[in-house]
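So you can see what is in the structure, the chains are spelled out below.
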Amino acid sequence: MSSDLPPIADLVVANARCVATVDAERRELDGGWVAITDGLISDIGAGPAPRAAAVLDATDCLVTPGLVNAHHHLYQNLTRAFPPMTDKPLFGWLQSLYPLWRGLDTESVHVSAWVGLAELALAGCTTSTDHLYLHPHGAGDLLTAEIDAARDLGVRFHPTRGSMSLSEKDGGLPPDDVVADDDEILAACDDAVHRHHDRSFGAMTRIALAPCSPFSVTVRRPSTNTGATGSSPVPGRLMPMLACLLSPGPLTTQPITATFIDSTPGNCCRHWGICWRR
């Protein structure tokens, strides 16, 4: 066969000991290959691989679909070996770490995201989210910092713009300088969506909105001039996820790990484990 023929795929992962398709038939292809075109899997098979612009030799390797990490707090990589917090329950753990986390800035968030996402990639994860709910005053654009880290690594990244609005002085756990009021949160969420959310098929970067835990957020029905759907107050001080900011038009929801879902027309789902899809 002439080597002058044009490539069929951008990349082929070839000569695998086995390709585990994890499809409906649970096929396992000995000597299999995977073709990738325009960043997406375009074909799989066994035997001779199709022509490609680049070939990755997977001899003696098991090839599987990329893993998806559905929940993370990447900035916490910075303090995962901090001794004072290792023997504490949740609230004590948080209170021992907030004095360190309030010093976060764009550099530390970029480094922690880069390290965390690199570790995930080495373990076979190709798509990750991150619940970045801590935004100290004056810290800079932390969400963009971790998105830049994901782009540098080539990981598909769908982070969430988190928020906290209930500080110690109002009965919450976080210190005053890491929370924001509702109007500031709404503005930051709107900015994150408009700057980073990619609605195209196969997008590498998408944004979700993710209030934090019940003990660090307040209840707020957005004013009608924001275009945001409302949410009736519920026990536990849960703040509504403002999915309407993603774009106007019909909206559907797909819960991943939700503890509370309110599907009443005009209301939002409320929890940080909700994936909004259109």
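1. Observations regarding the sheet that holds strand β9 (residues 125-128)
At step 1: If you walk across this open sheet you meet the three strands as β8-β9-β11, and the pairing is parallel. Both outer strands of the open sheet, β8 (67-69) and β11 (156-157), are each paired with one neighbouring strand and no more.
At step 2: Where β9 and β11 come together, two bridges link them in parallel fashion. Paired with T127 across the two strands is R156, which belongs to β11.

2. Observations concerning the pattern of salt bridges
As a working rule, side chains carrying opposite charge can pair if their charged atoms are close by.
At step 1: Tallied over the entire structure, the rule returns seven salt bridges.
At step 2: Residues R80 and E119 are paired through a salt bridge, measuring 2.8 Å at the closest nitrogen-oxygen approach. Of this pair, R80 sits in the loop between β8 and α1 (90-101) while E119 sits in helix α2 (residues 106-122), and the two are 39 residues apart along the sequence.
At step 3: With relative accessibility at 48%, the residue R80 sits in the partly exposed group.
At step 4: When its relative accessible area of 37% is taken as the criterion, E119 is described as partly exposed.
At step 5: D170 is the salt-bridge partner of K169, the closest N and O atoms lying 3.1 Å from each other.
At step 6: The network of salt bridges with shared partners includes D141, D191 and R195.

3. Description of the pairing of strand β1 (residues 9-14)
At step 1: Across five bridges, the pairing between β1 and strand β6 (residues 52-57) is parallel. The residue of β6 that forms the bridge with V13 is L56.
At step 2: Here β1 runs beside strand β4 (residues 32-37); their pairing, made up of three bridges, is antiparallel. Bridged to L11 within β4 is I36.

4. Brief notes about the sheet that holds strand β5 (residues 40-46)
At step 1: Strand order in the open sheet made by the four strands is β5-β4-β1-β6, with mixed pairing throughout. Single-partner strands in this sheet number two, and they are β5 and β6. If you compare each strand with its neighbour and ignore which way they point, the axes differ by 20° on average.

5. Comments concerning the environment of T86
At step 1: Considering the arrangement of structural elements, one finds T86 in the loop between β8 and α1.
At step 2: By relative accessible area, which is 56% here, T86 ends up exposed.
At step 3: The spatial distance from the C-alpha of T86 to the C-alpha of S96 is 9.7 Å, given a sequence separation of ten residues.
At step 4: At 2.9 Å, the side chain of T86 forms a polar contact with the backbone oxygen of P83.

6. Some points on a nonpolar patch on the surface
At step 1: Where nonpolar side chains cluster on the molecular surface, the patch consists of L78, V111, W114 and V115 and spans about 320 Å² of accessible area.
At step 2: Topologically, W114 is positioned in helix α2.

7. Regarding the confidence of the model for the protein chain
At step 1: Per-residue confidence for the protein chain gives a mean pLDDT of 80, with 77% of residues at or over 70.
At step 2: Per-residue pLDDT, averaged within each element of the protein chain, yields its smallest value for strand β15 (residues 274-277) (36) and its largest for helix α3 (residues 142-153) (98).
At step 3: The low-confidence segment residues 221-278 (pLDDT under 50) makes 122 contacts with residues lying over four places distant or belonging to another chain.

8. Re α2
At step 1: An ideal rise of 1.5 Å per residue puts 24 Å on 17 residues; α2 measures up with 24 Å between its terminal C-alpha atoms.
At step 2: Taken as a whole, α2 has its buried residues at S108, V109, S112, A113, G116, L117, A118 and L120.
At step 3: The first or second residue beyond α2 is G124, which carries a positive phi of 100°.

What counts and how
- Every chain's residues receive numbers from 1 upward, in the order its sequence appears when written.
- Where local features are concerned, this predicted model is filtered to residues with pLDDT of at least 70; where side-chain atom pairs are given and counted, the filter is 80 or more; whole-chain, interface and lining totals use all residues.
- The basis for every side-chain value is the complete set of non-hydrogen atoms in the structure, without hydrogens or water.
- In this analysis, strands are considered paired if DSSP registers two or more bridges between them.
- For the purposes of this entry, the term helix denotes a DSSP run of H or I that reaches at least four residues, the term strand denotes a run of E that reaches at least two, and both are numbered from the N terminus.
- Any carboxyl oxygen of Asp or Glu that lies within 4 Å of a side-chain nitrogen of Lys or Arg is treated as forming a salt bridge with it.
- Only protein chains enter the area calculation, which uses a 1.4 Å probe; residues under 20% of their type maximum are buried, those over 50% are exposed, and those in between are partly exposed.
- Only the contacting stretch of a helix is used when fitting its axis, a line to C-alpha atoms as for every element, and angles between N-to-C directions run 0 to 180 degrees.
- What qualifies as a polar contact is a pair of N or O atoms within 3.5 Å, subject to a donor-acceptor requirement within protein and to the restriction that residues adjacent in sequence count only when both atoms come from side chains.
- Every patch collects residues that have over 30% relative accessible area and no salt bridge, joining them within 9 Å if they carry like charges and within 5 Å if they are nonpolar side chains (Val, Leu, Ile, Met, Phe, Trp, Tyr).
- Each accessible area is a Shrake-Rupley result for a 1.4 Å probe, and residues are judged covered by the shown protein chains and nothing else.
- Confidence of the predictor at the level of single residues is given by pLDDT, which spans 0 to 100.
- Residues count as neighbours in contact if any of their non-hydrogen atoms are within 4.5 Å of one another.
- Take the residue count of a helix, subtract one, and multiply by 1.5 Å to get its expected span.

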